[in-house]
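# Secondary and tertiary structure notes
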Amino acid sequence: MTPIGFRILPRPASTVAADVLAGFAELGSAQISDCMNRLYGVVGLRPMHGGTRRMVGLALTVKTRPGDNLLIHQAISMGAAGDVIVVDGAGDASNALVGELMMMDAEARGIAGFVIDGAVRDVDVFAQGEFGCFARAVSHKGPYKDGPGEINVAVSVGGQVVQPGDVVVGDADGVVVIPAEHAAAVLALAQKKEADEAVAKQKLRAGTYTKPWLEKAIAEKTGGAK
């Protein structure tokens, strides 16, 4: 049995239907986050890539020692089309965990992107393309390749626990994680919210938009005083 600290676990069977995953590609991270009571957004990571393509995929998780990317290389070699490599690098900004060559390797395999709670480098190259890359920091210093690390375990990234197989969505506003078992329900809620917002935008353009909730909220906060 592989000792804890170097476990490479098999990919869990996906419980997210293909049409559900595809549905998230049409929705913003903000709307999805709102439909989970704003509790499942990754914080502190920013997009490093260019373009406007939304990153959507299933989490292939990596837990690694700060500054070491041995197990990230292994995860990329295991990755399938549509995976998002989600790395718990303990938020360390000393050494970049991925760069241009690893991005090229991942992109060639159809991997959808990186979510790195740590540093990256070659950001000029990331900025020229649309391969999704969200990270906490930038460092020119390269990584070590000694381990330890683990693959397909629960990780903590930007304040969120991410399980292998969870849905990961990233756009200009950041990254949100949808637990796999709730993906279909969250998608339905987010689609309704998107439709409701489309109606609100029409009313705003027409000058007919109202906020019926506002007077009630103010009254509750001020004891009814106006």
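Scroll up for the structure.
For the structure given in this document, a descriptive report is provided here. (Residues numbered from 1 in each chain as written. Predicted model: local features only at pLDDT ≥ 70, side-chain atom pairs only at ≥ 80, totals over all residues. Heavy atoms only, no water.)

## Comments concerning the nonpolar core
- One finds Val62, Ile72, Ile85, Val98, Phe114, Ile116 and Phe126 to be the most contacted residues of the largest nonpolar core, which totals 23 residues.
- Breaking this core down by element, the ones donating at least two residues are strand E3 (55–64), helix H3 (70–78), strand E4 (83–88), strand E5 (96–98), helix H4 (100–108), strand E6 (113–120) and strand E7 (132–138).
- In terms of residue count, the dominant contributor to this core is H3 (four residues).
- Apart from residues lying up to four places away in sequence, Ile116 is in contact with Leu45, Val87, Leu97, Val98, Phe134, Ala135 and Arg136.
- Grouped together as the second largest cluster of nonpolar side chains are 18 residues, Val16, Ile32, Ile178 and Ala190 included. (Core = buried A, V, L, I, M, F, W, Y, C linked by side-chain atoms within 4.5 Å. Buried < 20%, exposed > 50% of the residue type's maximum accessible area, 1.4 Å probe, protein only. Helix = DSSP H or I, 4+ residues; strand = E, 2+ residues; numbered from the N terminus. Contact = heavy atoms within 4.5 Å.)

## Some remarks on the pattern of salt bridges
- A full pass over the atoms with the stated rule returns twelve salt bridges.
- Of the charged contacts, one joins Lys63 and Asp88 as a salt bridge, the two residues approaching to 3.3 Å between their closest N and O atoms. With Lys63 in strand E3 and Asp88 in strand E4, this pair connects stretches of sequence that are 25 residues apart.
- Classification of Lys63 as partly exposed rests on a relative accessible area of 40%.
- Asp88 sits in the buried class, given a relative accessible area of 8%.
- The residue Asp117 makes a salt bridge to Arg136 at a minimum N-O spacing of 2.5 Å. Separated by 19 residues along the polypeptide, Asp117 in strand E6 and Arg136 in strand E7 bring together distant segments of the chain.
- Connected through shared salt-bridge partners, Asp34, Arg38, Lys193 and Glu197 make up one network. (Salt bridge = Lys/Arg side-chain N within 4 Å of Asp/Glu carboxyl O.)

## Structural notes on helix H6 (residues 183–206)
- With 24 residues, H6 extends 35 Å between its outermost C-alpha atoms, agreeing within 8% with the 34 Å of an ideal straight helix rising 1.5 Å per residue.
- Gly207 lies just past H6 and shows a positive phi near 75°. (Expected span 1.5 Å × (residues − 1).)

## So, the packing of H3 against H4
- Closest axis-to-axis distance for the H3/H4 pair is 9 Å, and the angle between their directions is 20°. Here H3 is positioned roughly parallel relative to H4, judged by the angle of their axes. Of the two possible hands of crossing, H3 and H4 adopt the one that is left-handed. When H3 is examined against H4, the residues Ile72, His73 and Ile76 are found in contact with a partner set consisting of Met102, Asp105 and Ala106. (Axes fitted to C-alpha atoms, helices over the stretch in contact; angles between N-to-C directions. Parallel < 35°, antiparallel > 145°, perpendicular 65-115°, else oblique. Left-handed = near helix turned anticlockwise from the far one by under 90°.)

## What about the environment of Arg46?
- Counting through the fold element by element, Arg46 comes out in strand E2 (residues 46–47).
- Classification of Arg46 by relative accessible area gives partly exposed; the value is 42%.
- Measuring from C-alpha to C-alpha, the distance between Arg46 and Cys133 comes to 8.3 Å, with 87 residues separating the pair along the chain.
- Contacts of Arg46, omitting those with residues within four sequence positions, involve Cys133, Phe134, Ala135, Arg136, Ala137 and Val138.

## A few points about the side chain of Thr61
- Inspection of the secondary structure assignment puts Thr61 in strand E3.
- For Thr61, a relative accessible area of 0% translates into the label buried.
- Setting aside chain neighbours within four positions, we find Thr61 in contact with Val86, Glu150, Ile151, Asn152, Val153, Val155, Val162, Gln163 and Pro164.

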